[in-house]
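What follows is each chain in one-letter form.
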Amino acid sequence: MILDAKIPDGPISQKWDKHRFDSKLVNPANKRKHTVLVVGTGLAGASAGASLAELGYHVKSFCIQDSARRAHSISAQGGINAAKNYPNDGDSIWRLFYDTVKGGDFRSREANVYRLAQISSHIIDQCVAQGVPFAREYGGLLDNRSFGGAQVSRTFYARGQTGQQLLLGAYGAFMRQVSKGNIEMFPRREMMELVLVDGKARGIVVRNLKSGKIESYAGDAVVLASGGYGNVYFLSTNAVNSNASAVWRCYKKGALFANPCYTQIHPTCIPVSGVHQSKLTLMSESLRNDGRVWVPKKSGDTRRSYEIPEGERDYYLEKRYPSFGNLVPRDIASRNAKQVCDEGYGVGSTGLAVYLDFADSIKRLGQNTIKEKYGNLFEMYERITGEDPYRVSMTIFPAVHYTMGGLWVDYNLMSTIPGLHVLGEANFSDHGANRLGASALMQGLADGYFVIPYTIGNYIASADLPSVSTEQSEFMEAEEAISQRITKLLSIKGKKTVREIHRELGCIMWDNVGMSRNKSRLQKALDQISKLRDEFWKNVCVPQSGNNLNKNLEQAGRLADFLELAELIAVDAMERGESCGGHFREEHQTSEGEAKRDDDNFSYAAAWEYQGEDKPARLHKEALEFKEVKLSQRSYK
């Protein structure tokens, strides 16, 4: 298989404009004849559904929630990047492009990243027109704040509720099309299978999560916007229902899975408190604008944060990275937090936490100013921990947050399966080995509002798409395969709950394929995952039946996919003998403990092809060329 990224010719600043002009168009009257299936209603899915329906396509939209507005995008807090340069501090499309490529440790596709930077300013205009209440400064312009990995302020925000407000904007545009009849909405449906007809993505099979009924839907193209796979680690900042089953079904139908080992550990999460937890809570990266990260200089210091004088505090990020300080990228902040805790300087009851302190900013700016900027985040922290962050330093520790890997897509956001387009976190496309904060919302909306309307039109205008019916054998075979899988899960009647096994998988992944990795621990993970998968299929307990609402059955099906995906993550991490971004191999680091890339041997996107049950996946490589940005050792000092 040859991976053709379909990157347009010409100067990078003109590629997208030229590509749009060269793309084939669908006549407005003909758009009404075509049906597009959109899976997911987060920022990528809702914006894509609304945009395609506005153009005239008939859209069928599917989500696992009871409402499109309950997608996990609503949880994003800190902001969305755009190169508008309102603060006049030196930002530009080129700087956003450069910062994103560098932040991803030079493991992303230049053409895609530049397009993202170009589109970024249009996203803000779109959202303002929809009524998104971005913060404004005294003169009336939209306000900006800083995020990690940048020395300019380019992050637009709505207090600590940016994801919620952006999603409500997209949701409004989406529901307008629902009310006009251009979008058919199917809530509480989980995608169980992708259906191929003549090698093209022509439909999906879903399970109605309320009734248990298996349903088939046909269309001319499929848009997958189902999010990432961070919950393979059990504890993450993702919603408990977030899963990888939709992308995994597509992978097993022939879509290549790219860079699965690139997982992002967010440095600013409320620490683990016990085995009762099913998820972790993120504290926005925006807090690192005014909060200072530190640990006591004395190992094992049990005093409260406000009892430790300034001279006995180690502001380790400010000391090690004077140029960026507390706003270094997430992977660097996370590894440094782990390092100081491993050395015995961690705080809290477990010693696995560091302080995020606002005393200086409150003294400098006043408590009311801090409250205006971060009040809802402070309130959330106090409700969860019982401590007042205006008086006591927050305690934070890294946790799994985002996945840069996903299904491989070309410049058109189409996978290796014709007709299957993949948007947002479900694809691997724009972030390389590490995502800069506030860029997930940017990518999701760029893909949905501004990229897919052009590229899916080019596909539909170019492809031979005869009419298909859900009565065809391809749909019947997919439904039968799903029924057999459900019957198998229900028939095991073991003694371990789904959550018990999922927690075991999470521990294996966090301990061995987490913030730092080495060959022996990766091999240990592969051995343990294999044994745990065998135990799952022999000893999991899934009570009740498949003919009604059954959360245990839902979670069991997702865990079965996680157990396979976990193995691919470890295999990819083993194969990549270098350190880059969120993938840190202990054998490959500089004398100062920083990630050490191997550009001669690993300057590629790893795309894995499914070969069948119990057969190793096959590796394909997309060479990454850097014509605009000079490869260099990443430094934030």
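Every value quoted in this text rests on a predicted model; they were computed, and no experiment measured them.

Rules and cut-offs
- Residues numbered from 1 in each chain as written.
- Predicted model: local features only at pLDDT ≥ 70, side-chain atom pairs only at ≥ 80, totals over all residues.
- Heavy atoms only, no water.
- Helix = DSSP H or I, 4+ residues; strand = E, 2+ residues; numbered from the N terminus.
- Rg over C-alpha atoms; globule rule 2.2 N^0.38 Å.
- Buried < 20%, exposed > 50% of the residue type's maximum accessible area, 1.4 Å probe, protein only.
- Contact = heavy atoms within 4.5 Å.
- Areas by Shrake-Rupley, 256 points an atom, 1.4 Å probe, with all protein chains shown as cover.
- Axes fitted to C-alpha atoms, helices over the stretch in contact; angles between N-to-C directions.
- Parallel < 35°, antiparallel > 145°, perpendicular 65-115°, else oblique.
- Left-handed = near helix turned anticlockwise from the far one by under 90°.
- Nonpolar A, V, L, I, M, F, W, Y, C, P; charged D, E, K, R; others polar.
- Expected span 1.5 Å × (residues − 1).
- Bend = angle between axes of the 7 residues up to and from the residue.
- Pairing = 2+ DSSP bridges.
- Salt bridge = Lys/Arg side-chain N within 4 Å of Asp/Glu carboxyl O.

(A) Spotlight on the overall build of the chain. Helices and strands together make up the secondary structure of the chain, namely 17 helices and 19 strands. Computed over its C-alpha atoms, the radius of gyration of the chain comes to 24 Å, within 12% of the 26 Å expected for a compact globule of 637 residues. By its C-alpha atoms, the chain is 75 × 60 × 50 Å across when sized along the principal axes. For the chain, buried positions account for 61% of its 637 residues. For the chain, long-range pairs separated by at least 24 residues make up 74% of all intrachain contacts whose partners lie at least 6 apart in sequence. Summed over all atoms, the accessible surface of the chain reaches about 24300 Å², with 48% contributed by carbon and sulfur.

(B) Geometry of the packing of helix α7 (residues 245–252) against helix α16 (residues 551–575). Orientation of α7 relative to α16, taken along the N-to-C sense of each, is 60°, at an axis distance of 10 Å. Put simply, α7 runs oblique to α16. When you trace α7 past α16, the crossing you get is left-handed. Contacts between α7 and α16 involve Ser245, Trp248, Arg249, Tyr251 and Lys252 on the former and, on the latter, Gly557, Arg558, Asp561, Glu564, Leu565 and Leu568. Broken down by class, the residue content of the contact of α7 with α16 amounts to 4 nonpolar, 2 polar and 5 charged.

(C) Up close: helix α12 (residues 440–462). The end-to-end C-alpha distance of α12 is 30 Å, a good match for the 33 Å that 23 residues give at a rise of 1.5 Å each. Within α12, the axis deviates most sharply at Val451, by approximately 55°, and proline Pro453 lies no more than four positions further along. Counting buried positions over the 23 residues of α12 gives 19, a clear majority of the element.

(D) Region of the structure containing the sheet that holds strand β9 (residues 221–224). Taken together, the 5 strands give an open sheet; going across it, the order is β5-β2-β1-β9-β17, and neighbouring strands pair in parallel fashion. At either end of the open sheet lies a strand with only one pairing partner, and these are β5 (183–186) and β17 (420–422). Between one strand and the next, the sheet's axes are offset by a mean angle of 20°, whatever the strand orientation. As paired strands, β9 and β17 are joined by 3 bridges and run parallel to one another. Residue pairing across strands places Val222 opposite Leu420, the latter belonging to β17.

(E) Focus on the pattern of salt bridges. Evaluation of the coordinates by the stated rule reveals 48 salt bridges. Arg249 is the partner of Asp561 in a salt bridge, and the nearest nitrogen-oxygen pair spans 2.5 Å. Of the two residues, Asp561 sits in helix α16 while Arg249 sits in helix α7, which places them 312 residues apart along the sequence. Like Arg249, Asp561 is buried. As a salt-bridge pair, Arg304 and Glu387 come within 2.8 Å of each other at their nearest N and O atoms. With Arg304 in the loop between β12 (292–296) and β13 (313–314) and Glu387 in the loop between α11 (367–385) and β15 (394–403), the pair connects residues that are 83 residues apart, well separated along the chain. We classify Arg304 as partly exposed; its relative accessible area is 32%.

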